[in-house]
Amino acid sequence: MRAATHPFVFTGCVELRQALGLLALDERELLDRVREVPPDSIFFHTHGYFLRHRPVTTAYGNDFARWAAVEAHDLVLAERLAVVEPFSFPTLDGLREELVTILHDHLRGVDAVVRLPFARGFHFQQSHVVEVPLGPHVNTLAEFRDGLAAVDPSAIYLHMVEARARRGRRSGDFGEWLSSSLDMPALAAAIERIDAHLTTLERVRGRLLHLVEAALLEGGA
Amino acid sequence: MNRIGEYRHVAPQGTVDILERLADRVRGRRFLHVSGSRLGGGSAQALRAGVPVLNDLGVDTSWEVTGGDASYYATARALQAALEGGERVLTEAGLARYVETNKTNAKKLDLRADLVFIHDVPPASLVTERAVGRWVWRCHFDCAAPQHGAWSFFRTLVDRFDAAVFSLPQYARRLGVPAYILHPSIDPLSDRNRDLAPREREAVLTSLRVTQDKPLLLQVGPFTRGHDPLGVVNAYRIVKKHHDVRLVLAGHAEDDPDSREVLADLREAARTDEDVVVLELPADAHLQINALQRVATIALQKSTQERFDLGVAEAMWKGKPVIGGPTAGIAQQIIPHVNGYIVHSVEGTAFRIRQLLNNREQIPRMGAAGREHVRRTFLITRQLLDYLALMVHLTA
């Protein structure tokens, strides 16, 4: 079995949330705040939703859409925000611009916005991700499969989401390692195409395992 | 003492492994918690469970408690109530004595640690005596709308910390230091939440004289207007026209005339309806609450006053759907239509109870969803992950 030129280390993570002290009590304020908050806050309320929400709760796709539906009771805005695909934007400023455009266009057709009490406002946060290396280093595709099957779901998030969106590794860590260290560009490309939006970390794990198992059956690595 | 290995059976897969790895990263650093009491719920309850587990993980963790005379505790209580938004009279002399008492406490206590967590108001002014390590103020209550004078005094203390921690962003003030968000948690291995053998459960229920011959609606919480037990009675009366159910209200009256009045009204309701059961229980009646939550058909938490209300998570952990009031803390725990319902009125409460009683198959489905939600989000293992991550982040 082919051995990697560099071992892969599965790394889990813990997300530390930080309140920014910025809030929006109506949709116009939401537009203003989305324009000015740090990029990390945009990341927390979009990509980060994927880490925090689980099978039963992934109903809105991001925190902005959830707030529009549950607190502002504006289902039109909620639907427009829910379909924003955070993984399709190369930069967080590009994602921010998309959110601003949706809010701006929506507000052009609204005469008056509902003012909410403090507790139901949108409270902006950001996060610090503390990385936690897990388990032994893996050197082969079979070891990679075994590690992937057992690792904490936060590792899927870190290698598939954080790596792409906040650390500029567009292929994600799995794809990058498979391509550069195991010389398996086709498998890497298939992993890169996994649609991680509006699903769960466990389902993404399942899709990853399916692709890796298929490669092993074909005799790859 | 709980051993960390026991949590592998209840925490999400992989959580204990991450805890052990994080503990490795902070080994050799000292973690200190300081609170105003070792007794009661809230921070003390969380520390009783969490400190032994952190030590079991190899993280040198200790817990100190401040002390003082009656005036120290009275001032600390009044100050906290004022920070929660209540009108209280705080005198300069009382506040000065509070600060002086904590200066004396600082001389008695060993406050040397890499990370010092100061819980709530009683020990907060110890920060004026800080020497080494990073200091964090852990606020367990809603501090978003404090009495102005109280906040003017207290802000001078908070700004001397390196960071603050709140349970929800809605509970936080805008501060000059970073404000982190850590949800509170329940301990699944404590008497309040651990599995009960049928015989043990039946013995507890027998001692409470609670029978299980009809569906049981349960609200656990203090008999205060903020928890609205009278609203629960009125909702029960609407439901009772259609379903033969029993309502159990378990809690205690607080030390104020308003709460005693609520209790008197509840007793009167129970006197005229044998299916309204009012159980006055002490704060440490954990096994009794556990047994009641396990035999409840539907749990209620119809709070109107902002508190995190972990009774919601406790009932969900026992596989019960929860109907709760629209506070930020309850909204954090209930996912509407998935593991319960958020309601805004007596009528809404009755409507959702009837909906569940008329569609019984929803009850175990919602209960199972609630238990999984709690497993991932509100168990103590998650809170310990947050503590250790904060330690890594602040003391690197």
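Residues numbered from 1 in each chain as written. Chains lettered and ligands numbered in written order. Predicted model: local features only at pLDDT ≥ 70, side-chain atom pairs only at ≥ 80, totals over all residues. Heavy atoms only, no water.

Take the overall build of chain B next. Within chain B one finds 14 helices and 12 strands. Here chain B has a C-alpha radius of gyration of 22 Å; the compact-globule value for 396 residues is 21 Å, and the two agree. Taken along its principal axes, the extent of the C-alpha atoms in chain B is 65 × 50 × 35 Å. Counting every position in chain B, which comprises 396 residues, the buried fraction comes to 60%. Counting only contacts in chain B whose residues sit at least 6 apart along the sequence, the fraction spanning at least 24 positions is 70%. Accessible surface, chain B as shown: approximately 15,900 Å² in total, 49% of it carbon and sulfur. Computed over 50 positive and 46 negative side-chain charges, the inter-centroid distance for chain B is 3 Å. (Helix = DSSP H or I, 4+ residues; strand = E, 2+ residues; numbered from the N terminus. Rg over C-alpha atoms; globule rule 2.2 N^0.38 Å. Buried < 20%, exposed > 50% of the residue type's maximum accessible area, 1.4 Å probe, protein only. Contact = heavy atoms within 4.5 Å. Areas by Shrake-Rupley, 256 points an atom, 1.4 Å probe, with all protein chains shown as cover. Lys, Arg positive; Asp, Glu negative; His and termini not counted. Charge placed at Lys NZ, Arg CZ, Asp CG, Glu CD.)

Here the focus is the pairing of strand 8 (residues 246-251) of chain B. Residues and elements named next belong to chain B. Counting buried residues in strand 8 gives six out of six residues, a clear majority hidden from the surface. Regarding the hand of the β-α-β motif, the stretch spanning strand 7 (residues 216-220), helix 7 (residues 229-240) and strand 8 is right-handed. Two strands pair when backbone bridges link them, and strand 8 and strand 9 (residues 276-280) are joined in this way by five bridges, in the parallel orientation. The residue of strand 9 that forms the bridge with Val248 is Val277. As a crossover connection, the stretch from strand 8 through helix 8 (residues 257-272) into strand 9 is right-handed. (Right-handed = clockwise from strand over helix to strand, strands pointing away. Pairing = 2+ DSSP bridges.)

It is worth spelling out the side chain of Ser35(B) at this point. Residues and elements named next belong to chain B. Relative to the helices and strands, Ser35 is located in strand 1 (residues 30-35). Residue Ser35 is classed as buried on the basis of its relative accessible area of 2%. Side-chain polar atoms of Ser35 contact the side chain of Trp63, separated by 2.9 Å. (Polar contact = N/O pair within 3.5 Å; in protein donor to acceptor, adjacent residues only side chain to side chain.)

In the structure shown here, the tally under the stated rule is three cavities of 30 Å³ or more. Here the largest cavity defines a volume of roughly 60 Å³. (1 Å grid on protein atoms, 1.4 Å probe; cavity = no way out; pocket = protein on both sides within 12 Å on 5 of 7 lines; lining within 4 Å. Points joined across faces, edges and corners; volume = space filled by probe spheres on them.)

Bringing the interface of chain A and chain B into the picture now. Put simply, an interface is often sized by how much accessible area is lost when its parts join up. Contact with chain A, which involves 29 residues of that partner, is made by 27 residues of chain B. Here chain A and chain B share an interface that buries about 2,400 Å² over both sides, 64% of which is from carbon and sulfur atoms. If you look at where chain A meets chain B, you find zero salt bridges. In this assembly, chain A and chain B are joined by four residue pairs in polar contact (both at pLDDT 80 or more). Those elements that place two or more of their residues in the side of chain A that touches chain B are strand 1 (11-24), strand 2 (122-133) and helix 7 (153-165) of chain A. Of the residues forming the side of chain A that touches chain B, the biggest block, 11 residues, is contributed by strand 1 of chain A. (Buried area = accessible area lost by both parts, 1.4 Å probe. Salt bridge = Lys/Arg side-chain N within 4 Å of Asp/Glu carboxyl O.)

Turning our eyes to something else, we now look at the packing of helix 8 (residues 172-180) of chain A against helix 9 (residues 185-192) of chain A. Two quantities define a packed helix pair, namely the angle between the helix axes and the distance between the axes. Residue and element names in this part refer to chain A. Two numbers describe how helix 8 lies on helix 9: the axes approach to 8 Å, and their chain directions differ by 170°. In terms of orientation, helix 8 lies roughly antiparallel with respect to helix 9. Along the contact surface, helix 8 presents Phe174, Gly175, Leu178 and Ser179, while helix 9 presents Pro185, Leu187, Ala188 and Ile191. Of the residues in the contact of helix 8 with helix 9, the class split is six nonpolar, two polar and no charged. (Axes fitted to C-alpha atoms, helices over the stretch in contact; angles between N-to-C directions. Parallel < 35°, antiparallel > 145°, perpendicular 65-115°, else oblique. Nonpolar A, V, L, I, M, F, W, Y, C, P; charged D, E, K, R; others polar.)

Under the counting rule described, the total for this entry stands at 23 aromatic pairs over all chains. Here the aromatic rings of Phe8(A) and Trp177(A) are separated by 5.5 Å at their centres, their planes lie at 55°, and the arrangement is tilted. In this pair, Phe8(A) sits in the segment before strand 1 while Trp177(A) sits in helix 8, placing the two residues 169 residues apart along the sequence. With a relative accessible area of 5%, Trp177(A) lands in the buried category. Aromatic side chains Tyr72(B) and Tyr73(B) sit 5.1 Å apart centroid to centroid with 70° between the ring planes, which places their arrangement in the edge-to-face category. Judged by relative accessible area, Tyr72(B) falls into the buried class, the value being 0%. Classification of Tyr73(B) as partly exposed rests on a relative accessible area of 30%. Within the aromatic cluster, the residues linked to one another by ring pairs are Phe8(A), Phe10(A), Phe144(A), Phe174(A) and Trp177(A). Over the ring of Trp63(B) we find Arg38(B), and its NZ or CZ is 4.9 Å from the ring centre. Residue placement shows Arg371(B) over the ring face of Trp317(B); its charged tip is 3.8 Å from the ring centre. (Phe/Tyr/Trp six-rings, centres within 6.5 Å; stacked < 30°, edge-to-face > 60°. Lys NZ or Arg CZ within 6 Å of the ring centre and 35° of its normal.)

Residue and element names in this part refer to chain A. Taken across its eight residues, helix 3 (residues 63-70) has six buried, putting it largely inside the fold. Taken together, the buried positions of helix 3 are occupied by Asp63, Phe64, Ala65, Trp67, Ala68 and Ala69. Residues of helix 3 that are buried sit in contact with strand 1, helix 1 (27-36), helix 2 (39-52), helix 4 (75-82), helix 5 (92-108) and strand 2.

All quantities given are derived from atomic positions and should not be read as evidence of function.
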